[in-house]
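# Close look at the chain arrangement
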Amino acid sequence: MIYQGRARHPVREVIVHCSATRPSWFHDRPLADKVAEIRRWHVQDRGWRDIGYHWIIDRDGAVMAGRSETEIGAHVAGHNAGTIGVSLIGGHGSGVRDAFADNFTPAQDAALRRLIEAIKGRVGGSMALSGHNQYAPKACPGFTVGTWYAGGAA
Ligand SMILES: [Zn+2]
């Protein structure tokens, strides 16, 4: 079981995001550099204490940790406690009705499914899965998470 913060909120949901960057963004740079840049946006530009997401998935399917799962993230206003934020690199100009494959790679599809299953194992019991666009009038992550997940592996 994963608990977050001093109040020990049990994790019950994964919320998917995207970085809203173009496919060419930091194209020749390792994921660590992309995570460092997103952390800079969140810490320097927004004044948060750390990157808002718990996990970041690169175009090639590489996965890197952001904020610790035991800390409350900063990724959906009003829904940060008890949720884990996962962000896919890419998604610039995407829409809620786009298919996953319109903006993200097959490697990201596989990596996101693996990560969701791994988190489910750590959470124990039932875990909800949603997209940022279910909580805010935004395209993020640029597809409908429930429809994508139900569709199974590509
Ligand atoms: Zn988002």
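Predicted, not measured: the structure shown is a model, and the values here were computed from it.

The rules we used
Residues numbered from 1 in each chain as written. Predicted model: local features only at pLDDT ≥ 70, side-chain atom pairs only at ≥ 80, totals over all residues. Heavy atoms only, no water. Helix = DSSP H or I, 4+ residues; strand = E, 2+ residues; numbered from the N terminus. Rg over C-alpha atoms; globule rule 2.2 N^0.38 Å. Buried < 20%, exposed > 50% of the residue type's maximum accessible area, 1.4 Å probe, protein only. Pairing = 2+ DSSP bridges. Axes fitted to C-alpha atoms, helices over the stretch in contact; angles between N-to-C directions. Contact = heavy atoms within 4.5 Å. UniProt positions renumbered as here; feature names shortened; annotations may be inferred. Salt bridge = Lys/Arg side-chain N within 4 Å of Asp/Glu carboxyl O. Donors = N, O, S within 2.8 Å, 3.2 Å for Na, K, Ca; no water. 1 Å grid on protein atoms, 1.4 Å probe; cavity = no way out; pocket = protein on both sides within 12 Å on 5 of 7 lines; lining within 4 Å. Points joined across faces, edges and corners; volume = space filled by probe spheres on them. Nonpolar A, V, L, I, M, F, W, Y, C, P; charged D, E, K, R; others polar.

## Some details on the overall build of the protein chain
- Within the protein chain one finds four helices and seven strands.
- For the protein chain, the α and β elements follow one another from N to C terminus as β-β-β-α-β-β-β-α-α-β-α.
- Radius of gyration (C-alpha) of the protein chain: 14 Å, near the 15 Å computed for a compact globule of 154 residues.
- Dimensions of the protein chain along its principal axes, counting C-alpha atoms only, are 40 × 35 × 30 Å.
- Among the 154 residues that make up the protein chain, the fraction classed as buried is 48%.

## Considerations on the sheet that holds strand E6 (residues 83-88)
- Taken together, five strands build an open sheet; the order of strands is E5-E4-E6-E3-E7 and the sheet is mixed. Every other strand in the sheet has two partners, leaving strand E5 (63-65) and strand E7 (128-131) as the edge strands with one partner each. Taken over all neighbouring pairs, the strand axes of this sheet differ in orientation by 25° on average, direction set aside.
- Across four bridges, the pairing between strand E3 (residues 13-18) and E7 is parallel. Opposite isoleucine 15, over in E7, you have serine 130 as the bridge partner.
- Sheet strands touched by helix H1 (residues 31-45): strand E4 (55-57) and E5. Its angle to E5, the strand with the most contacts, is close to 45°.

## Looking at the pairing of E3
- The buried fraction of E3 is high, at six of six residues.
- Taking every second residue as pointing to the same face, both faces of E3 are buried, with Glu13, Ile15 and His17 on one and Val14, Val16 and Cys18 on the other.
- With six bridges joining them, E3 and E6 adopt parallel strand pairing. Paired with histidine 17 across the two strands is serine 87, which belongs to E6.

## What about the UniProt feature "domain: Peptidoglycan recognition protein family" (unreviewed entry) in the protein chain?
- Within the UniProt annotation, "domain: Peptidoglycan recognition protein family" (unreviewed entry) is assigned to residues 1-136.
- In residues 1-136, the share of helix is 27% and the share of strand is 19%. The end C-alpha atoms are 28 Å apart.

## Digging into the pattern of salt bridges
- Throughout the structure, instances matching the rule amount to eight salt bridges.
- One salt bridge in this structure joins aspartate 109 and arginine 113, with 2.7 Å as the shortest N-O distance. Here arginine 113 and aspartate 109 lie together in helix H3 (residues 106-123), a separation of four residues that amounts to about one turn. The same class applies to aspartate 109 and to arginine 113, which are both buried.

## Things to note about the coordination of the zinc ion
- Every protein donor of the zinc ion is accounted for by His17 (ND1), His132 (ND1) and Cys140 (SG), and the metal-donor separations fall at 2.0 to 2.3 Å.
- Coordination of the zinc ion draws on donor residues from a single chain, spaced H-x114-H-x7-C in sequence. Taken together, the positions of histidine 17 in strand E3 and cysteine 140 in the loop between E7 and helix H4 (145-150) put the pair 123 residues apart, joining distant regions of the chain. Comparing histidine 17 with cysteine 140, the two get one shared label, buried.

## Concerning the layout of surface pockets
- There is about 360 Å³ of room inside the largest pocket.
- The set of elements that each furnish at least two residues to the lining of the largest pocket consists of E3 and H1.
- Considering each element in turn, the lining of the largest pocket owes the most residues, three residues, to H1.
- Classifying every residue of the lining of the largest pocket by side-chain character gives eleven nonpolar, nine polar and two charged.

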